[in-house]
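Here are the chains, one letter per residue:
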Amino acid sequence: MTDYYSIESKEIEFQEATFRLFLVRDCEVYKGHFPKHAIAPGACNIEMIRQCASVALGKEVRFLHIKQCKFLLPLEPSVHEELDLCLAWTETMINAVMSWKGQVAIKLKVNM
């Protein structure tokens, strides 16, 4: 999924991280989801969060169980190009909040 998004910046501290992400408007995924009105697929957004968690933790992260997942804002790459992702974690759990201009788009709580 290297052509789906890019990481513009990241700050990683003890058990917390923030990322500035950009959705890539020309990604092939959007041609089928949905033509003429592209929306970022939920599964791809969850994978984007997992990949960022792997960067933050410095190891490959696997999501074992999704405890909570709320999609609060449909992300359109032509509108919601720049996103903020905040992660917090323990040994077994990750909490993620993705937002656009302060508006929460996704809340995710997973066991790893």
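Keep in mind the model is a prediction, meaning the values are calculated, not measured.

K.L.:
So, the pattern of salt bridges: which residues are in play, and what are the values?
P.N.:
All told, the structure shown has six salt bridges when counted by the stated rule. As a salt-bridge pair, glutamate 81 and arginine 25 come within 3.6 Å of each other at their nearest N and O atoms. With glutamate 81 in the loop between β3 (65–71) and β4 (82–89) and arginine 25 in the loop between β2 (16–23) and α1 (29–32), this pair connects stretches of sequence that are 56 residues apart. Relative accessible area serves as the criterion here: at 30%, glutamate 81 is assigned to the partly exposed category. With a relative accessible area of 45%, arginine 25 lands in the partly exposed category. Between glutamate 60 and arginine 50 there is a salt bridge, with the nearest N and O atoms lying 2.6 Å from each other. Of this pair, glutamate 60 sits in the loop between α2 (42–57) and β3 while arginine 50 sits in helix α2, and the two are 10 residues apart along the sequence.

K.L.:
Hey, could you go over α2 for me, with residue numbers and the actual values?
P.N.:
In this model α2 runs 23 Å from its N-terminal to its C-terminal C-alpha over 16 residues, within 8% of the 22 Å that 1.5 Å per residue would give. Taken together, the buried positions of α2 are occupied by Cys44, Asn45, Ile46, Met48, Ile49, Arg50, Cys52, Ala53, Ser54 and Ala56. Glycine 58 sits one or two positions beyond α2 and adopts a positive phi of about 70 degrees.

K.L.:
Before we move on, could you go through the pairing of strand β6 (residues 103–111) and cite the residues and values that matter?
P.N.:
Of the strand pairs in this sheet, β3 and β6 are connected by six bridges, and their pairing is antiparallel. Paired with lysine 70 across the bridge in β6 is lysine 107. Across eight bridges, strand β5 (residues 93–100) lies against β6 in antiparallel orientation. Within β6, the position partnered with alanine 96 by the bridge is leucine 108. Linking two consecutive strands that pair antiparallel, namely β5 and β6, is a turn of two residues; a positive phi of about 50 degrees is found at lysine 101 within it.

K.L.:
Provide a residue-level description of the sheet that holds β2, including the pertinent values.
P.N.:
Spatially, six strands are ordered β1-β2-β4-β5-β6-β3 in an open sheet, and the strand pairing comes out antiparallel. For this open sheet the edge positions go to β1 (5–13) and β3, each flanked by a neighbour on one side alone. Here the strands of the sheet are splayed against their neighbours by 15 degrees on average, with no regard to which way each runs. Across the sheet, α2 lies against β1, β2, β3, β4, β5 and β6, angled at about 55 degrees from β4, the strand it touches most.

K.L.:
Break down the environment of arginine 25 for me, with residues and values.
P.N.:
Each C-alpha atom of the pair arginine 25 and lysine 101 lies 18 Å from the other, and the pair is 76 residues apart in sequence. Excluding residues that lie within four positions of it along the chain, arginine 25 makes contacts with Tyr30, Pro77, Ser78 and Glu81. Within polar-contact distance, the side chain of arginine 25 engages the backbone oxygen of serine 78 at 3.3 Å.

K.L.:
Help me get a handle on the nonpolar core, residues and values and all.
P.N.:
Counting residues in each nonpolar core, the largest one holds 32 residues, and the members touching the most others are Tyr4, Leu21, Leu23, Leu75, Leu85, Leu87 and Met98. Per element, the largest residue contribution to this core is seven residues, and it comes from α2. Not counting residues up to four positions away in its chain, the partners in contact with methionine 98 are Leu21, Met48, Ile49, Leu75, Leu83, Asp84, Leu85, Gln103, Val104, Ala105 and Ile106.

What counts as what
- Residues numbered from 1 in each chain as written.
- Predicted model: local features only at pLDDT ≥ 70, side-chain atom pairs only at ≥ 80, totals over all residues.
- Heavy atoms only, no water.
- Salt bridge = Lys/Arg side-chain N within 4 Å of Asp/Glu carboxyl O.
- Helix = DSSP H or I, 4+ residues; strand = E, 2+ residues; numbered from the N terminus.
- Buried < 20%, exposed > 50% of the residue type's maximum accessible area, 1.4 Å probe, protein only.
- Expected span 1.5 Å × (residues − 1).
- Pairing = 2+ DSSP bridges.
- Axes fitted to C-alpha atoms, helices over the stretch in contact; angles between N-to-C directions.
- Contact = heavy atoms within 4.5 Å.
- Polar contact = N/O pair within 3.5 Å; in protein donor to acceptor, adjacent residues only side chain to side chain.
- Core = buried A, V, L, I, M, F, W, Y, C linked by side-chain atoms within 4.5 Å.

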